[in-house]
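Structure at a glance
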Amino acid sequence: MTASEDDEIVFVGETRAAGGAGEGEARGVKRGRYDGTMDTLAYQALDAQDAKTNANETEAPHPPATATPNTTRDPPLFRLFRTEHISNSHNDGCVTVSDLVRGPVKWGVVSNFKIDLDFISHAAPELLTIPRIHWLHGQPDVPEWTKENLPNKIEDKTWTFLKPQVPNYGTHHSKFFLLVYPAGVRVVVSTANLCRMDLTVMSNAVWWQDFPLKSEQQVQNHASSEFEEDLLLYLNRLRWVGGEETNEDGERVLVGPEAFRAFDYSGAGAKLIRSVPVRHNSVEETSWGHPALYRALQKQKFPKEFEKSPVLGQFSSMGSFSEKWLNDEFRGSLCGGVIEGPDKKPLGKGQLNLIWPTKQEVRQSLAGYVSGGSIPGSAKNVNKPHVRSKLHTWSANGSQNSENNSDTPTDDNPCGRRQAVPHIKTFARYLEDKKNGAKLAWVFLGSHNLSGAAWGKFEHGNSQLNLLSYELGVLLLPSLVGTRVEKPFCVVAASAQLAGEEVGPAMQCLAGARPCVAHGRSGKEVVFRHATTVVPKDVSLSEGTSVSTVFAPLPYHVPPRRYGPHDVPWTFDETHLKPDWTGQQWHPRG
């Protein structure tokens, strides 16, 4: 496996042999070896900074994410994970893993690349109390930790493990939960690994929707939906077999891919975009990777104003790819769609803008250079002319990105996450609107980074698509937004009601409050806009009463700011001698 194909491989500081400081090094600079030392020093510095801040704290305590949400506006398209060491106001409407997995979950599927159960056992202990869990993982940590700490989970087979097989340079990278409750299922698609770095000091996001059990008539009629078929095909391609198991009540229940046919996904507010590692022939190549995204967009009609509008890609890892793949193949898929009207004229290709943090942004981030270990981009790949010319900064404050600037960054980030550098992965098509926030044709959120391994590369005259990794994401479209329902389905509340209990309303994403097919389309035009704050304060925009405005909390500026003459892209395989704010340097492992 090469580092350029995956976003979680860490190449960080190693200790120089005894002797004088290297050229350009300052005496007394801390030099961590990555055995956890750099992480520890970074977190100690953050904790000390927080202690100093808290001594003069004036903000009111932040309410838990399960508090009654504001019902006067629609929820956002997706939600950001809570980030530590930022202001309470910038965590409004944000969630934790505990918020997502709460309630009487009967059994679940947890999929990720990196799963740090030592961290999760403290940060989200609710996850580990689920009676039965099927772990789909990309590293051996999960079964090893379980053997040492919870061997009974293996002995009684309440935890099972599958590390899906991948070819060279591929990874099992999909990040999702499938949580089965008495009254339905919760489908959660995330950008975050289940580890401390991702869930405390980096920017990440999550989309989820709750789905009820099918009615007896739906079961008898073998009713299904596109979302259901997409999900089941993906789960089967993982080679997760499942079968009948005995639950905690001694009942035999079906556990496995087919078990998810019990739920009604007809109101799904997202299109699943999947990647599985195989060479797909022309018959099914459009079902996976970037051709699947293109096919989904080609079914959509967009306002003429989006004709040849720009598209953006924001990610936390960058692979090696040719100019032809980036400019023609991949950009072509991002630019799918037709213009409203009888002619079905293609939207056409727009400019592709890539968001990648600068060296200065990583250096000044919450965890300093340690964060850069989760943003692997090699100098060779990042500095290719066809890549470098498209790069845009994470922050819009150009003066803070110069190597000669102040070490005290100002937070110009729309969601207060300038120093919470990205592990999030998002793609979108947009139109600039300085007054109301950029208008968005669509938004994609998921595990896909910028690589052929994740999205696929055509071969043999476009007759074959080569994919190397497992990935999962959601395409969010205005056409999938229905009317607002008075009492949105919440699987936690519905399950509690079955047990004769009551729980308060929980936070949702837009799809939960405005399910698509099941409740009909809205009579208003649905417009997606970039949220300029975590929770938009005012939705009375200039569109008028015939338009329903939905906000997407993309934690960066739209449009993004192009690299200036002093901006240097972050590279994780080069030495960075200027200390970060915790006093660390960056020395890649040789």
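Scope of this entry: the structure provided in the associated data block. Quick caveat: nothing in here was measured; it's all calculated off a predicted structure.

**What about the sheet that holds strand β3 (residues 132–136)?**
Taken together, seven strands build an open sheet; the order of strands is β1-β7-β6-β5-β2-β3-β4 and the sheet is mixed. Edge positions in the sheet fall to β1 (79–80) and β4 (159–162), since each of these pairs with one other strand and no more. As defined by bridge partners, strand β2 (residues 107–111) adjoins strand β5 (residues 176–181) across five bridges and the pair is classed as antiparallel. In the sheet register, Val109 faces β5, and the bridge partner there is Leu178. Those strands touched by helix α5 (residues 141–149) are β3 and β4, and its axis lies near 150° from that of β4.

**Considerations on the packing of aromatic side chains**
For any pair of aromatic rings, the description rests on two quantities: the centre-to-centre distance and the angle between the ring planes. Per the stated rule, a full pass over the model turns up 20 aromatic pairs. Where Tyr234 meets Tyr470, the ring centres are 6.4 Å apart and the plane angle is 85°; that geometry is what we call edge-to-face. Remark: Tyr470 occurs in the loop between β20 (464–467) and β21 (471–476) and Tyr234 occurs in helix α9 (residues 226–237); sequence separation between them is 236 residues. Relative accessible area serves as the criterion here: at 1%, Tyr234 is assigned to the buried category. Here the aromatic rings of Phe427 and Trp455 are separated by 5.4 Å at their centres, their planes lie at 85°, and the arrangement is edge-to-face. Taken together, the residues span a long stretch of sequence, with Phe427 in strand β17 (residues 426–431) and Trp455 in helix α16 (residues 452–455) at a distance of 28 residues.

**Let's talk about the nonpolar core**
Ranked by size, the top nonpolar core spans 95 residues in total, and within it Phe78, Trp135, Trp207 and Phe260 carry the most contacts. Top contributing element to this core by residue count: β5, with six residues. If you look at the next biggest cluster of nonpolar residues, it comprises 52 residues, including Met202, Ile273, Ala454 and Trp455.

**A look at the sheet that holds strand β19 (residues 457–459)**
Reading across the sheet, the three strands line up as β11-β20-β19 and stay open at both edges, with antiparallel pairing between neighbours. Strands at the two margins of the open sheet, each flanked by one partner only, are β11 (278–281) and β19. Going across the sheet, the axis of each strand differs from the next one's by a mean of 30°, ignoring polarity.

Rules used in this analysis
- Residues numbered from 1 in each chain as written.
- Predicted model: local features only at pLDDT ≥ 70, side-chain atom pairs only at ≥ 80, totals over all residues.
- Heavy atoms only, no water.
- Pairing = 2+ DSSP bridges.
- Helix = DSSP H or I, 4+ residues; strand = E, 2+ residues; numbered from the N terminus.
- Contact = heavy atoms within 4.5 Å.
- Axes fitted to C-alpha atoms, helices over the stretch in contact; angles between N-to-C directions.
- Phe/Tyr/Trp six-rings, centres within 6.5 Å; stacked < 30°, edge-to-face > 60°.
- Buried < 20%, exposed > 50% of the residue type's maximum accessible area, 1.4 Å probe, protein only.
- Core = buried A, V, L, I, M, F, W, Y, C linked by side-chain atoms within 4.5 Å.

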